[in-house]
Amino acid sequence: MRATEIRAIDTSKNSDVMRALSNAVHALSWRSGTTGAAVEACHWADGYPLNVLLYCSLLQAIFDLRESTVVLDEVDELLELIKKTWPTLGINRMLHSVCLSWVFFQQYVITGQVEPDLAAAALAILVDVAADTKHGSRDPMYVKVLLSALGGMQEWSEKRLLDYHDSFEKDIGGAATEGMEILLSLALAAGKIVADREGASDGNFAVDRVDYYVRCSMKSAFTNILENGLGEVDSVIIDRDSDPGSVLIQLARDTEHLALFERRNFSPVLRRWHPAPVAVAAVTLHGCFGVVLRQYLAKVTILTEELVRVLHSASRLEKALAQMTAEDAADCADGRAKGIVGDMEPFEVESVVMGLLKAWMDDKLGLGRDCLLRARDTESWIPKSKEEPFAGSAMELMKLARLTIDEFSEIPASAKDEVVQDLVDGLESIFQEYIFFVASCGSKQNYLPPLPPLTRCNQDSGFFRLWKKAALPTCQAPPDATPRGGGGSHHVPRPSISRGTQRLYVRLNTLHYVLTHLEALDSSLSSSTSHLDRARAAAQSSISAVAEVAAHRLIFLDSRHSLYQGLYARSVADARIRPALRLLKQNLSFLVSVLADRAQPVAVREVMRASFEAFLMVLLAGGNERSFVRADHATVEEDFRSLRRAFSTCGEGLVPEDVVAREAETAEAVVELMARSTDYLIDAFSVATCDSISEDGRAGAGGCTPLPPTTRRWDPADPNTILRVLCHRDDEAANQFLKRTFQLARRR
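Just so you know, these numbers come straight off a predicted model, no measurement behind them.

Reading the values: rules and limits
- Residues numbered from 1 in each chain as written.
- Predicted model: local features only at pLDDT ≥ 70, side-chain atom pairs only at ≥ 80, totals over all residues.
- Heavy atoms only, no water.
- Helix = DSSP H or I, 4+ residues; strand = E, 2+ residues; numbered from the N terminus.
- Buried < 20%, exposed > 50% of the residue type's maximum accessible area, 1.4 Å probe, protein only.
- Contact = heavy atoms within 4.5 Å.
- Areas by Shrake-Rupley, 256 points an atom, 1.4 Å probe, with all protein chains shown as cover.
- Phe/Tyr/Trp six-rings, centres within 6.5 Å; stacked < 30°, edge-to-face > 60°.
- Patch = residues over 30% accessible without salt bridge, like charges linked within 9 Å, V, L, I, M, F, W, Y side chains within 5 Å.
- Salt bridge = Lys/Arg side-chain N within 4 Å of Asp/Glu carboxyl O.
- Core = buried A, V, L, I, M, F, W, Y, C linked by side-chain atoms within 4.5 Å.
- pLDDT = per-residue confidence, 0-100.
- Lys, Arg positive; Asp, Glu negative; His and termini not counted.
- Charge placed at Lys NZ, Arg CZ, Asp CG, Glu CD.
- Axes fitted to C-alpha atoms, helices over the stretch in contact; angles between N-to-C directions.
- Parallel < 35°, antiparallel > 145°, perpendicular 65-115°, else oblique.
- Disulfide = S-S within 2.5 Å.
- Polar contact = N/O pair within 3.5 Å; in protein donor to acceptor, adjacent residues only side chain to side chain.
- Arc of directions from axis to C-beta.

1. Things to note about the overall build of the protein chain
- A count of helical and extended segments in the protein chain gives 27 helices and zero strands.
- Across the 748 residues that make up the protein chain, the buried fraction comes to 46%.
- Partitioning the contacts of the protein chain with sequence separation of at least 6, the portion at a separation of at least 24 is 77%.
- For the protein chain, the exposed surface amounts to about 37700 Å²; the carbon and sulfur share of it is 52%.

Spelled out as structure tokens, the structure:
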């Protein structure tokens, strides 16, 4: 035969070459027994695979040569004729079934899978093959043919099923869906027969194989999306120059679309063999995306806007896939299908966000504490400008807090609800420390003068009074308050607000600035819940405290010469309140000009209270320089009305008239005591003290009646207040009562 490739041979009947060829073929076709004798059955080709290949070639005759997808109408007659070759080729019915199913399958493949009837015929014959394998034939040739043919069917089908997205996605629906169903039927039927033959099959063979197909195809489809998104196969997202966050966000969207496409198009086909194909696909995609997400998260250390978007996309994908999985598993009664839900390992986006949130929160709170420390070290309480009359440290702290809350509010994660209180507590602690720092300016007690000892007015002789008037007074009036008739109507007092008081005004402005921003921050955190209540309460309390300290410093330190030390000193008529009122109005005008609008009412109100307190101290604790007669009541009452009117007309209703009236009630009642006779005052004092003296049951040292305690809470019914009016009453009856009852010393 090889010689014919060089030179044509003589094919005549008597040719030597043909005779030699005939003898060779005859020798091959005649197999002798072990004893050398001829056997009864003689085959032209005795053995696999040549005889099977020849038989399959004969079976090809059932197809129309002009239209290869059509089986001839005379197929039955042809098969009967072909069966006559069984003795010659060593074929039996079982081998015939395997070969015929292979021929139909092969014809289906080589004709482009356009005729599903060919595959259906192969499947129908495989039913008989499956029945034959149950008999457990041990014929070696049958086993070889069976494994070769069915293995080929399974391998070709699974090659496409392991990436059915690539094989059928472009032409999904109609013939493509039908083709996928045919491939599944062929692969599972052939695979089941082979597995049964090898004893490796169980009751879940089809479910296991479809599960495997789904997982492999989903991984391939996901890899394809990932590679197309990155532009190269072996690249890693976080090592690319492009924005890795954008790539992951797009990948999450594409993955969700892939899952939806799978559920809509392929899962209905797969459900014929698998109880929950959607769940398997969703769990697989979830795992694939999780690998990429963890690679990305391994490179990040802080919570950024990009990371927040990525985690939000991952969370949205996870929820969508989890919902698909749960819905699909809930629709089937298979316990194994329900177990698929447990295979979905969570992304733990919330825990990632929680950890990063806490790190971010610690960083922001650390910046706030650094700002607080800088304020303690460097704040000088000098306003930044007239338009911004508060401390620069407050502006820095509130700006930092606003940026922190704005960033926090943009974090689209439910986990932040769990740390919002931690953030609020941290910020509130910083705010409270800063508020306490601003308010750490002492107390009003630092500026209240000590109360002089109680004495009784000395009824001096006329000569002694003239000498006293001519002598240098021990408590001079202020240099800028020259006594004149009518209270010095032509004198214009100098401004008396010291630098320290002005810094207190800056503190007051700062506290109002902080309070305003706390209210805005609280509304930013939540529209329904108050978060910064403690800080706001601390700010409001501190505002009152600082305003009180500033008012007492202004009245008892800055304005002491014109009011507490100068008013009614040595003479009621010559030391009226008019110069003090001029200075007070000047100071109030300055106060209104430097304080923020919201800070003005409380500051003016505290100045009013301090002024009323100073006025009462002049009347009740004015020392040796002051004494009053009953006739002085009208003058004092007129001066107090002028003082009260100064606050009623200050600004545009900064202090409401009813507030002024309420605060003035005590002072007016004490002034009213000055109009009372000495006998009335003595009786009122006796009534006020009798109960306490009888309850105590003890007299003072040396038989003296004990002095009623001083509380500084002046009141016309308070025995100490009445006693002080008597001590400043310049008449003989008061003098004798005080001498007889308390043995008080005379003034010197």
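2. Some remarks on the packing of aromatic side chains
- According to the stated counting rule, one finds 17 aromatic pairs in the structure shown.
- Where tryptophan 102 meets phenylalanine 105, the ring centres are 5.6 Å apart and the plane angle is 45 degrees; that geometry is what we call tilted. Taken as a pair, tryptophan 102 and phenylalanine 105 lie in helix H5 (residues 93–110) at a separation of three residues, close to a single helical turn.
- Of the residues examined, tryptophan 102 reaches a relative accessible area of 25% and is grouped as partly exposed.

3. Observations concerning a nonpolar patch on the surface
- On the surface, a cluster of nonpolar side chains totalling about 270 Å² of accessible area is made up of Met1, Leu21 and Val25.
- Within the fold, leucine 21 resides in helix H1 (residues 16–29).

4. Describing the nonpolar core
- Formed by 175 residues in total, the largest nonpolar core has its most connected members in Phe289, Phe431, Tyr434 and Phe615.
- When residues in this core are grouped by element, the largest group, 14 residues, is from helix H22 (residues 600–620).
- With near-sequence residues (within four places) excluded, phenylalanine 289 lies in contact with Phe222, Leu248, Leu251, Ala252, Thr255, Ala314, Leu317 and Phe347.
- Formed by 39 residues, the second largest nonpolar core is a distinct cluster that contains Tyr55, Leu89, Ala149 and Leu150.

5. Quick word on the environment of alanine 281
- You can see alanine 281 is positioned in helix H12 (residues 277–297).
- Here the alpha-carbon distance between alanine 281 and valine 214, two residues 67 residues apart in the chain, equals 6.2 Å.
- What alanine 281 contacts, discounting residues up to four positions off in sequence, is Val214, Met218 and Glu262.

6. A closer look at the environment of glycine 191
- Tracing the backbone through its elements, the reader meets glycine 191 in helix H9 (residues 175–198).
- With relative accessibility at 2%, the residue glycine 191 sits in the buried group.
- Aside from chain neighbours lying at most four places away, what touches glycine 191 is Gln154, Leu186 and Phe205.

7. Focus on the confidence of the model for the protein chain
- Across the protein chain, pLDDT averages 80, with 83% of residues at or above 70.
- Within the protein chain, helix H18 (residues 462–470) has the poorest average pLDDT of any element, 46, and H5 the best, 93.
- Confidence drops under pLDDT 50 across residues 32–37; counting only partners more than four residues distant or on other chains, this segment forms three contacts.
- Taken as a whole, residues 461–468 scores under 50 in pLDDT and shows two contacts with residues more than four places along the chain or in a different chain.

8. Looking at the pattern of salt bridges
- The full count for this structure, using the stated rule, is 27 salt bridges.
- Note that arginine 641 is salt-bridged to glutamate 637, the shortest N-O span being 3.7 Å. Residue arginine 641 and its partner glutamate 637 are located together in helix H23 (residues 633–648), separated by four residues, close to a single helical turn.
- In this structure arginine 641 comes out as partly exposed when scored by relative accessible area, which is 43%.
- Here glutamate 637 falls in the partly exposed class, since its relative accessible area comes to 28%.
- It is possible to trace a salt-bridge network through shared partners that takes in Arg369, Arg376 and Glu433.

9. With respect to a negative patch on the surface
- Together, Asp73, Glu74, Asp76 and Glu77 give the surface a local cluster of negative charge.
- As for its placement among the helices and strands, glutamate 74 is situated in the loop between helix H2 (50–59) and helix H3 (75–83).

10. Considerations on the packing of H22 against H23
- Taken N-terminus to C-terminus, the directions of H22 and H23 make an angle of 170 degrees; their axes are 10 Å apart at the nearest point. One finds that H22 runs roughly antiparallel with respect to H23. Together, Val604, Val607, Met608, Ser611, Phe612, Phe615 and Leu619 of H22 and Val636, Asp639, Phe640, Leu643, Arg644 and Phe647 of H23 make up the contact between the two elements.

11. Looking at the state of the cysteines
- Evaluation of the coordinates by the stated rule reveals zero disulfides.
- With no disulfide partner, cysteine 727 has as its closest neighbouring cysteine sulfur the one in cysteine 457, 8.0 Å distant.

12. Thoughts on the packing of helix H26 (residues 719–727) against helix H27 (residues 732–742)
- Remark: H26 packs on H27, axes separated minimally by 9 Å, with the N-to-C direction vectors making an angle of 125 degrees. Judged by the inter-axis angle, H26 sits oblique to H27. Judged by residue contacts, Leu723, Leu726 and Cys727 of H26 engage Ala734, Phe737, Leu738 and Phe742 from H27.

13. A look at unusual backbone geometry
- One non-glycine residue, tryptophan 381, adopts positive backbone phi at about 60 degrees.
- Note on placement: tryptophan 381 falls in the loop between helix H15 (349–378) and helix H16 (392–409).

14. A closer look at the side chain of histidine 552
- Take histidine 552: it is sitting in helix H20 (residues 533–558).
- Residue class for histidine 552 comes out buried when judged on its relative accessible area of 2%.
- Polar side-chain contacts of histidine 552 include one of 2.9 Å to the backbone oxygen of glutamate 548.
- If near-sequence neighbours (up to four positions away) are discounted, histidine 552 is found in contact with Lys444, Tyr447, Leu448, Leu557, Ala610 and Glu613.

15. Observations regarding H2
- Listing the buried residues of H2 in full gives Asn51, Val52, Tyr55, Cys56 and Leu59. Projected down its long axis, H2 shows its buried positions confined to an angular sector of 135 degrees, all on one face.

16. Topic: the side chain of arginine 626
- Along the chain, the position of arginine 626 falls in the loop between H22 and H23.
- Although arginine 626 lies buried, it forms no salt bridge, and the closest oppositely charged side chain, glutamate 625, sits 7.7 Å away as judged by the N-O distance.
- Polar contacts involving the side chain of arginine 626 include one to the main-chain carbonyl oxygen of glutamine 565, which spans 3.3 Å.
- Only 3.1 Å separates the side chain of arginine 626 from the backbone oxygen of glycine 622, close enough to count as a polar contact.
- Setting aside residues up to four positions removed in sequence, arginine 626 forms contacts with Leu563, Tyr564, Gln565, Gly566, Leu567, Tyr568, Ala569, Val618, His728 and Arg747.

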